[in-house]
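Overview (structure and organization)
So the chains spell out like this:
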Amino acid sequence: MDLQSGAAVALPELLIDSASDTSHHLDCLHFPLHNTTDSVMLQSSDNKTGRWSNLLLAYKTLGVVFGGLVTSPLYVYPSMHLNSPTEEDYLGIYSIMFWTLTLIGVVKYACIALKADDQGEGGTFALYSLLCRNMNIGILSSKSSDVNSSQSRCVLNEDNRQKSRLGKVFETSMVARRALLFIAMLGTCMLIGDGILTPAISVLSAMDGLRAPFPSISKSLVEALSAVVLFILFLLQKFGTSRVSFLFSPIMGAWTLSTPLVGIYSIIHHYPSIFKALSPYYIFHFFWRNGKEGWLMLGGTILCITGSEALFADLGHFNRSSIQIAFLFTIYPSLILTYAGQTAYLIKNPNDHMDGFYKFIPKTIYWPIFIIATLAAVVASQSLISATFSVIKQSVVLDYFPRVKVVHTSSNKEGEVYSPEVNYILMVFCIAVILIFGDGQDIGNAFGVVVSLVMLITTILLTLVMIIIWRTPSLLVALYFIIFFMMEGVYVSAVLTKIPEGGWIPFAISFILAFIMFGWYYGRQRKIQYELTHKIDLGRLGMLLSDPSVQRVPGLCFFYTKIQNGLTPILGHYTKNMRSLHKVTIFTTLRYLLVPKVSPHERIVVKKLGLRGVYACVIQYGYADSLNLEGDNFVSQVLDSLQEHIENCSSLPSDHMPVQEEISELSEAKTAGVIHVRGKARFHIGKSTSFFDRFMLAFYEVLHKNCRPALPVLGVPLPQCLEVGMFYEA
């Protein structure tokens, strides 16, 4: 390594670390960061979307958010194990689907869940993050959030000193915190499993329509064609949600309009009194007549609400109003009419349930509907793929997932992200599911497990948000929890019986993902624990510099750190090995803000640390910033900020060094050479280390080595800078 190289290099390895430390303020260094985020957020909030913008966004949501939900009629009835169904059976099934869509879709997700955003993000991990930000728990326990969701902020401002009893339980109980983390991880893994199964079952069900007019087409050919369609879909993901949604929204608009029209025709032609099934009486009568068989049929009925979690998880790609408008005024009525039409047809043709969608399509419009259905199935895959990108990004930012590459595809929406590695892994799994488990019923059984468990986990976390953050009256919380927990609990109990028949697939996927997340989390916790234990304060730094054996050599050195109440332990290893420190040393932290852009005058924040030639620097950037830390430009910007800071602080009595001399020293240091120092974590395994620690630390090192740092905005190559090894005692 050429220490005299004048080229500044970036430090992308610390990017996500700093992202996860969004609200770390270097308290001991007294950085003036108390109002930076708020001011930037105010600039961001001035550009609120108007009414027409919300309508445009609502149109775009059709191509991203609701694909999985609105195409569920393709596979709901074929996934049910119906044995000689009667008119009463079909009326009971439709009544169940109507009330499931109404209570879970409209009440739970559209009216309640969308209000539980975490800085505009939705989904299982967003709920966990929201709880962490408002309690002293989880990885955010030591952080003071700069920004919160709109629902949470008003509560905290009104009553910040009082905490709910349940919140205190989580803060004091390690078991409760770990249980909450486990639930959040399971929900996240299940949602990713949903992102694998939704494309598989949607495209396969749509392409299966070829076999009705052409009986000679084999099942294997349908599976191969489905795999090709999915391959093309995943290749389109790199263009971003906005472009994909503009391409897909007309397709979903045609589907959302055509299927209810066919449903209305079927109702008039086959069974005009179908809407009498809206009475809950038919649900009770259905279970009274069928008993256990009726309970088992819920494993297929639950698929009518599939994709509803994407309605919440894709919140970061759009906004609350646009999703509510699209769902309440287009998607929900379309599904109610489509299922009514299907059921009306099946009442008159009870044995056609295995092909319950294409059989109820009139022959004169069969092919146009088939084309729209196939294209809509492709779009349906998009909703859960986008949701998967969102939850992966949230997990990476919160430091619960290895640093995969996350690319922001929009300069206006922070939630619009794309991950190449995740995209191709999803593609491989989706195609494998189709080719290995080509039976639609097996995939439907697996799908039911995912859908029901994710909904149940969301209900649990939403209940905690209501109690701890929103302070909702106890009666309303109890009413919400009893209704939805019982409903979704019954669904879960039914789908768990399908584990031997394909239901094991999502459990296998979730186990692998959960193991990766826990391995990363375990290693990061051990690393953070070491750094906090061995951090260096300014007093110790002064002692190091007073040691005659440590020389102050010419040049400028950037130390990259993220310790909030001290300096990185890398400094001690560096001075021990190099026996020197540069005359100008800057401890630098990259700080990621959840805003589009950071104004230039707030981009770089500097501070003198009271020791000659030693400074601290925080570089703040937003998700749409084109930030380049390479070359002399970055170094010049930092030095200019330092010079301005030195001139402004020249009147302080603690400054014994003349201003011009200090500024001259900065220029000389830059001329002498610039180096950048980062830490390279390695774990030392001792003889007394347990087998569990050995295994988990080794697994973490594998993840750390093979998962490249995420570069959401920088777009710079891996750094070529000095690495100082840090050994962590296990």
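Residues numbered from 1 in each chain as written. Predicted model: local features only at pLDDT ≥ 70, side-chain atom pairs only at ≥ 80, totals over all residues. Heavy atoms only, no water.

Named according to an unreviewed UniProt entry, the protein chain is Potassium transporter originating from Gossypium mustelinum. Listed under Function (unreviewed entry) in UniProt, the entry text for the protein chain is "Potassium transporter." (UniProt positions renumbered as here; feature names shortened; annotations may be inferred.)

On to the overall build of the protein chain, then. Along the protein chain, the regular secondary structure elements total 26 helices and eight strands. Counting across all 730 residues of the protein chain, residues that qualify as buried make up 59%. Expressed as a percentage of contacts within the protein chain between residues at least 6 apart in sequence, the contacts between residues at least 24 apart total 84%. Of the roughly 29100 Å² of accessible surface on the protein chain, 61% is carried by carbon and sulfur atoms. (Helix = DSSP H or I, 4+ residues; strand = E, 2+ residues; numbered from the N terminus. Buried < 20%, exposed > 50% of the residue type's maximum accessible area, 1.4 Å probe, protein only. Contact = heavy atoms within 4.5 Å. Areas by Shrake-Rupley, 256 points an atom, 1.4 Å probe, with all protein chains shown as cover.)

Here we come to the pattern of salt bridges. When the charged atoms of two side chains with opposite charge come close together, those side chains can pair. Taken as a whole and judged by the stated rule, the model has eight salt bridges. Taking the shortest distance from any N to any O, the salt bridge between Asp 117 and Arg 320 comes out at 3.5 Å. Note that Asp 117 is positioned in the loop between helix H5 (87–112) and helix H6 (124–134) and Arg 320 in helix H15 (residues 320–348), a separation of 203 residues in sequence. Across the pair Glu 662 and Lys 608 runs a salt bridge, and its minimum N-O distance is 3.3 Å. Of this pair, Glu 662 sits in helix H25 (residues 659–672) while Lys 608 sits in strand S5 (residues 604–608), and the two are 54 residues apart along the sequence. Just as Glu 662 is buried, Lys 608 falls in that class too. (Salt bridge = Lys/Arg side-chain N within 4 Å of Asp/Glu carboxyl O.)

Summarising the element assignment, His 645 is placed in helix H24 (residues 631–648). Of note is the side chain of His 645, whose polar atom sits 3.5 Å from the backbone nitrogen of Lys 608. Once residues within four sequence positions are removed from consideration, His 645 is found in contact with Val 606, Lys 607 and Lys 608. (Polar contact = N/O pair within 3.5 Å; in protein donor to acceptor, adjacent residues only side chain to side chain.)

This next bit is on unusual backbone geometry. Its identity as a non-glycine residue notwithstanding, Arg 471 has a phi of 55 degrees, on the positive side. Within the element layout of this structure, Arg 471 appears in the loop between helix H18 (440–470) and helix H19 (474–495). With phi around 55 degrees, Arg 579 is a residue other than glycine that occupies positive phi space. Of note, Arg 579 is situated in the loop between helix H22 (570–578) and strand S4 (580–592). The class of Arg 579 is partly exposed, set by a relative accessible area of 35%.

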